[in-house]
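Examining the three-dimensional arrangement
Now for the letters of each chain:
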Amino acid sequence: MKIIKNFSPNCDRKKRTINSIKVIVIHYTGMQSERESIERLVSPSSKVSSHYLISRKGRVFNLVQDRFVAWHAGKSCWGKHKNLNENSIGIELVNKGHKFGYTSFKKKQISSLIMLCKKLIKKYKISKKNIVGHSDIAPLRKIDPGEKFPWKYLAKNKVGIWYDHEPNFLKKYRRTKILIKKDKKKFIKNLDKIGYCFSVKNKSFFVKTINAFQRHFRKELINGIFDQECFMIAQNLAKKL
Ligand SMILES: [Zn+2]
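Figured I'd write up the structure that's included with this text.

Cut-offs applied
- Residues numbered from 1 in each chain as written.
- Predicted model: local features only at pLDDT ≥ 70, side-chain atom pairs only at ≥ 80, totals over all residues.
- Heavy atoms only, no water.
- Helix = DSSP H or I, 4+ residues; strand = E, 2+ residues; numbered from the N terminus.
- Buried < 20%, exposed > 50% of the residue type's maximum accessible area, 1.4 Å probe, protein only.
- Pairing = 2+ DSSP bridges.
- Axes fitted to C-alpha atoms, helices over the stretch in contact; angles between N-to-C directions.
- Contact = heavy atoms within 4.5 Å.
- Core = buried A, V, L, I, M, F, W, Y, C linked by side-chain atoms within 4.5 Å.
- Donors = N, O, S within 2.8 Å, 3.2 Å for Na, K, Ca; no water.
- Expected span 1.5 Å × (residues − 1).
- Patch = residues over 30% accessible without salt bridge, like charges linked within 9 Å, V, L, I, M, F, W, Y side chains within 5 Å.
- Areas by Shrake-Rupley, 256 points an atom, 1.4 Å probe, with all protein chains shown as cover.
- Salt bridge = Lys/Arg side-chain N within 4 Å of Asp/Glu carboxyl O.
- Lys, Arg positive; Asp, Glu negative; His and termini not counted.
- Charge placed at Lys NZ, Arg CZ, Asp CG, Glu CD.
- 1 Å grid on protein atoms, 1.4 Å probe; cavity = no way out; pocket = protein on both sides within 12 Å on 5 of 7 lines; lining within 4 Å.
- Points joined across faces, edges and corners; volume = space filled by probe spheres on them.
- Nonpolar A, V, L, I, M, F, W, Y, C, P; charged D, E, K, R; others polar.

This brings us to unusual backbone geometry. Note the cis peptide between Asp144 and Pro145, where omega equals 5 degrees. Within the secondary structure, Pro145 sits in the loop between α5 (134-137) and α6 (151-156). Even without being a glycine, Lys158 presents a positive backbone phi close to 70 degrees. A relative accessible area of 60% places Lys158 in the exposed class. Even without glycine at this site, Arg175 takes up a positive phi of about 70 degrees. Tracing the backbone shows Arg175 in the loop between α7 (167-171) and α8 (181-194).

If you trace the 6 strands from one edge of the open sheet to the other, you get β1-β5-β4-β7-β3-β8, paired in mixed fashion. With partners counted over all chains shown, the strands left at the sheet margins are β1 (3-5) and β8 (131-133), one partner each. Here the strands of the sheet are splayed against their neighbours by 25 degrees on average, with no regard to which way each runs. Bridge count for strand β3 (residues 23-28) against strand β7 (residues 88-93) is 6 bridges, and the pairing is parallel. Residue pairing across strands places Tyr28 opposite Leu93, the latter belonging to β7. Along the sheet, helix α1 (residues 34-42) contacts β4 (52-54), β5 (60-62) and β7; its crossing angle with β4, the most-contacted strand, is approximately 175 degrees.

This paragraph deals with the nonpolar core. Ranked by internal contacts, the top residues of the largest apolar core, which has 56 residues, are Ile91, Leu113 and Phe213. Examining the composition of this core, we find that 8 residues originate from one element, helix α4 (residues 107-124), more than from any other. With near-sequence residues (within four places) excluded, Leu113 lies in contact with Ile26, Ile54, Ile91, Leu93, Phe149 and Leu154. Counting 6 residues, the second-largest nonpolar core is a separate cluster that includes Leu41, Leu53, Leu63 and Val94.

Relative to the helices and strands, Lys152 resides in helix α6. Residue classification places Lys152 among the partly exposed positions, given a relative accessible area of 38%. Remark: the alpha-carbon pair of Lys152 and His165, spanning 13 residues in sequence, is separated by 12 Å. Aside from chain neighbours lying at most four places away, what touches Lys152 is Trp162 and Pro167.

Only His27 (ND1), His134 (ND1) and Asp144 (OD) from the protein coordinate the zinc ion, and they sit 2.1 to 2.2 Å from it. Linear spacing of the donor residues for the zinc ion on their chain is H-x106-H-x9-D. Residue His27 is found in strand β3, and its partner Asp144 is found in the loop between α5 and α6; the two are separated by 117 residues along the sequence. Exposure class is identical for His27 and Asp144. Each is buried.

Bringing α4 into the picture now. Spanning 18 residues, α4 covers 26 Å between terminal C-alpha atoms, matching the ideal 26 Å at 1.5 Å per step. Among the residues making up α4, those that are buried are Gln109, Ile110, Ser112, Leu113, Ile114, Leu116, Cys117, Leu120, Ile121 and Tyr124.

Residues Lys2, Lys57, Arg59 and Lys108 make up a contiguous surface patch of positive charge. According to the relative accessible area criterion, Lys2 is exposed, its value standing at 70%.

Another aspect to go through is the layout of surface pockets. For the largest pocket, the calculated volume is near 500 Å³. Residue lining of the largest pocket: 25 residues in total, with Tyr28, Thr29, Arg40, Lys142 and Asp144 positioned closest to the centre. Going through the elements one at a time, β3, α1 and α3 (97-100) are the ones with two or more residues in the lining of the largest pocket. The leading source of residues in the lining of the largest pocket is α3, at 4 residues. Tallied by class, the residues present in the lining of the largest pocket amount to 8 nonpolar, 10 polar and 7 charged. The volume enclosed by the second largest pocket comes to roughly 400 Å³. Around the second largest pocket, the lining comprises 18 residues; the ones closest to its centre are Lys184, Phe206, Gly224, Ile225 and Phe226. Within the residue set of the lining of the second largest pocket, elements represented by two or more residues are α8 and α9 (203-217). In the lining of the second largest pocket, the residues fall into 8 nonpolar, 3 polar and 7 charged.

This is the structure we're talking about:
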């Protein structure tokens, strides 16, 4: 695959080890245009960057070399990783985002993303559960790449995880309350197993985490309340891990 190099100064000077690369974090740019997005990610004053950017037409830009820490994740956590910049590769997808007119991702853009992810997964032995969105690792601050991002399609192509239940079967359990205390506990345990970092005691943090989970795995209803459908999805996902 063709990769266009356009290096950004916004990264740590020191090289990291190959073994520290464990996670792929997917973002959207959330800006008006592709040009504006690239300019920001390579401008020294912005202090932000990502390793890759993929245009609407599927062109792949390499902005920071994999071996350097790019500045894309901010305060974040996933599984045992507490600062994702150190342990991840960041990929930005050009999309105006929720602020400027959130639209579906383009087919060519997603094909390029899958190709790039496959290459990275193989090279750094990245585990399936560690293909995440920015919202998954920073649910208090972020909602990108958003509910239009095709996680299921990626998983079908062996990038990321998905559950086995039929959507029509699951749908019947949407908005059904979880009444059994044991199941509530199980759901929380499963969220943790999947990789989410949260505290049940911090109510708003917990609600935002449920939002992130739903945005990723149950985009039809993002309401911060875990119902029977969420429970079954998490249970199925956790079983595979
Ligand atoms: Zn982001």
